[in-house]
Amino acid sequence: MRRLTEVAPGVLVATSSFQLTTTTVVADGDGGCLLIDPGVTVAELAQLAADLRDLGLRPTAGWSTHPHWDHVLWSAKLGVVPRYATPAAVAVAKAGRAELAREAQRDAPGHDFRLLARLTPLDATAIGWDGPEARLIVHDGHAPGHGAVFLPGSGVLVAGDMCSDVEIPLLDLAAADPLGDYRAGLERLASVRGVRHVVPGHGSVGDADEFRRRLAADASYLDALMLGRPFSDPRLRGPQWLRDAHEEQVRHVGRPGS
Ligand SMILES: [Zn+2]
């Protein structure tokens, strides 16, 4: 894991060895912190807890951007705090806990499954906590009830599994309109004013220009998918699982009636 790096005052990001998954820490200025998508391996969560202790930061709240296994993890070492997600995300996570546990065990074995996806629904426009304003941007692109977090004070957008430099847009193929949902999600993110840093769920942190570039790259990918055009997206040179997901999306979107 790449250890915690400050990307803006009071906002730190760690990057996992598993698919470059990011963990974001937002300090409240009073010794507490908000943890967004802490992950991924058991050892990395233990390291995160130790690093936070060294920094004098105690988790006071958690946020899961969406109900996929690598975004709903926790460790007893991080303490007992309310862990929030959108109501739709909580419902999906609750219904799919057994599958989430299987996936976690396959790719990051050894987690305490009693702590997996123990989420409280938060139906709000911002996370209610003692730290800097943390606005929620909710949409159904990638997963139901996907909640990105925007910190207007520092200009940091924690985008969840969108705006990645290493992953193509991954659609929620179980939805009635996966492409439409994803486009709506991108539009919501694009409408956020004052983004100076974008933290994707997987990949590297980008600046304002890079945020705009990624939005455009994602829109181009969706256009090619919808229109059956050739793809020139460099992210498709990524790992096999990503190319498989891409092929599945091409098949799905190309199916009559979808
Ligand atoms: Zn995801």
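One structure accompanies this document, and this report is about it.

Cut-offs used in this document
- Here, residues in each chain are numbered from 1, in the same order as that chain's written sequence.
- Only residues with pLDDT of 70 or above have their local features reported here, since the model is predicted, and side-chain atom pairs are shown and tallied only from 80 upward, although totals for entire chains, interfaces and linings are computed over all residues.
- Think of the side-chain values as coming from all heavy atoms in the structure, minus any hydrogens and water.
- Metal donors were taken as nitrogen, oxygen and sulfur atoms no farther than 2.8 Å from the ion, or 3.2 Å where the ion is Na, K or Ca. Water is excluded, so coordination may look unfinished.
- Using a 1.4 Å probe on the protein chains alone, a residue whose accessible area is under 20% of its type maximum counts as buried, one over 50% counts as exposed, and one in between counts as partly exposed.
- Counting from the N terminus, the helices are DSSP H or I runs at least four residues long and the strands are E runs at least two residues long.
- Only strands joined by at least two bridges in the DSSP assignment are considered to pair.

1. Points about the coordination of the zinc ion
Put simply, a metal with four donors set out as a tetrahedron has ideal angles of 109.5 degrees, and one with six donors set out as an octahedron has ideal angles of 90 or 180 degrees.
Thinking step 1. On the protein side, the zinc ion has His66 (NE2), His68 (ND1), His142 (NE2) and Asp161 (OD) as donor atoms, found 2.2 Å from it.
Thinking step 2. Counting residues between consecutive donors of the zinc ion along the chain gives the motif H-x1-H-x73-H-x18-D.
Thinking step 3. Look at histidine 66 and you get buried, because its relative accessible area is 1%.
Thinking step 4. Taking relative accessible area as the criterion, histidine 68 reaches 28% and is therefore assigned partly exposed.

2. Thoughts on the pairing of strand β9 (residues 146-151)
On a regular strand, each side chain points to the face opposite its neighbour's, so the side chains alternate between the two faces of the sheet.
Thinking step 1. Of all six residues that make up β9, six are buried, and the element is covered over most of its length.
Thinking step 2. Here β9 shows two buried faces, one formed by His146, Ala148 and Phe150 and the other by Gly147, Val149 and Leu151.
Thinking step 3. Inspection of the sheet shows strand β8 (residues 135-139) paired to β9 by five bridges, in the antiparallel sense. Note that in β9 the partner of isoleucine 137 across the bridge is alanine 148.

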